Amino acid sequence: MNSYLPPHGRVLTPYLCCRDAAKAIEWYGEVFGARPTETPFVGADGRIGHAELEIDGTGFMLSDAYPEVGVAAPARDALPTYAMNLYVPDVDATVNAAEKAGATIEKPLADTFYGARAATFRDPFGVRWSVATHLREVGEEALDTAKANFAGN
């Protein structure tokens, strides 16, 4: 049977461009338990042109910046335009490890209206991460009230 996906492909896979992709790969391994699923492609100039990693069964790709072909890493002085959302078994431990490893906390750990304990930080490579641990189910009425309160601000 033919498929439009490669053997281990997914319909949608995040592809990050990082400042210093080699160090990012190590950092994601230490903080998130990410593991490479193949040997990264490293160009003659030492930049990583392509790497694939997996966190608890979910894959993502990353590379260094290649401005000569229009691939840029997040600027140091600019806000990220997206965030990666990651559920982890122990958000407190993950955030503590990330901060110890150089992440900048943007939104501290807190229990949320949607039933998770969560935080947001920017890693040393320019990527914003929203990390959470699901704590409880929240009913539609509570969610509707929270959405109304948010819209009223």
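Below: a short report on this structure. Predicted, not measured: the structure shown is a model, and the values here were computed from it. Along each chain, residue indices are assigned from 1 in the same order as the chain's sequence is written. Where totals are concerned, whole chains, interfaces and linings use all residues; where local detail is concerned, this predicted model gives features only for residues with pLDDT of at least 70, and gives and counts side-chain atom pairs only at 80 or more. Only heavy atoms go into the side-chain values, all of them from the structure, while hydrogens and water stay out.

Before going further, it helps to examine the pairing of strand 8 (residues 116-122). With six of seven residues buried, strand 8 lies mostly within the body of the structure. DSSP bridges decide pairing: two strands pair if at least two such bridges lie between them. Each helix is a run of DSSP H or I of at least 4 residues and each strand a run of E of at least 2, with the numbering of both proceeding from the N terminus. The pairing of strand 7 (residues 104-111) with strand 8 spans five bridges and is classified as antiparallel. Residue pairing across strands places Asp 111 opposite Arg 117, the latter belonging to strand 8. Between strand 7 and strand 8, which pair antiparallel in sequence order, lie four residues; one of them, Gly 115, sits at a positive phi of approximately 90°. Of the pairings in the sheet, the one linking strand 8 to strand 9 (residues 128-134) comprises seven bridges and is antiparallel in character. Only protein chains enter the accessibility calculation, which uses a 1.4 Å probe. A residue is then buried if its area is under 20% of the maximum for its type, exposed if over 50%, and partly exposed in between.

Okay, the packing of aromatic side chains next. In this description, a pair of aromatic rings is defined by centroid distance and the angle of the planes. Here a pair means two rings of Phe, Tyr or Trp (six-membered ring of Trp) with centres within 6.5 Å. Their orientation is stacked below 30 degrees between planes, edge-to-face above 60, and tilted elsewhere. Tallying each qualifying case throughout the model produces 12 aromatic pairs. For the pair Trp 27 and Phe 125, a centre-to-centre distance of 6.1 Å together with 80° between the ring planes defines the contact as edge-to-face. Placement of Trp 27 in helix 1 (residues 21-32) and of Phe 125 in the loop between strand 8 and strand 9 is noted, with a sequence separation of 98 residues between them. For Phe 125, a relative accessible area of 7% corresponds to the buried category. Ring plane angle 75° and centroid distance 6.2 Å describe the contact between Tyr 28 and Phe 125, whose orientation is recorded as edge-to-face. Remark: Phe 125 occurs in the loop between strand 8 and strand 9 and Tyr 28 occurs in helix 1; sequence separation between them is 97 residues. In this pair, the class of Tyr 28 matches that of Phe 125, namely buried. Each residue in the set Trp 27, Tyr 28, Phe 32, Phe 60, Phe 121, Phe 125 and Trp 129 is aromatic and connected to the rest through ring pairs, giving one cluster.

One recurring pattern in soluble globular proteins is that nonpolar side chains are buried together. As used in this record, nonpolar core signifies buried Ala, Val, Leu, Ile, Met, Phe, Trp, Tyr and Cys residues forming a set joined through side-chain atoms within 4.5 Å. Leu 16, Trp 27, Tyr 28, Phe 32, Leu 62, Phe 121 and Trp 129 are the most contacted members of the largest nonpolar core, which has 29 residues in total. For this core, the secondary structure elements donating two or more residues are helix 1, strand 4 (48-55), strand 5 (58-63), strand 6 (84-87), helix 2 (91-100), strand 8 and strand 9. Counting residues per element, this core draws most heavily on helix 1, at seven residues. Each residue touching Leu 16, except ones within four places of it in the same chain, is listed here: Tyr 28, Phe 60, Met 61, Leu 62, Ser 63, Tyr 82, Met 84, Val 127 and Trp 129. We call two residues in contact when some of their heavy atoms are within 4.5 Å.

That's the geometry; what it means functionally is another story.
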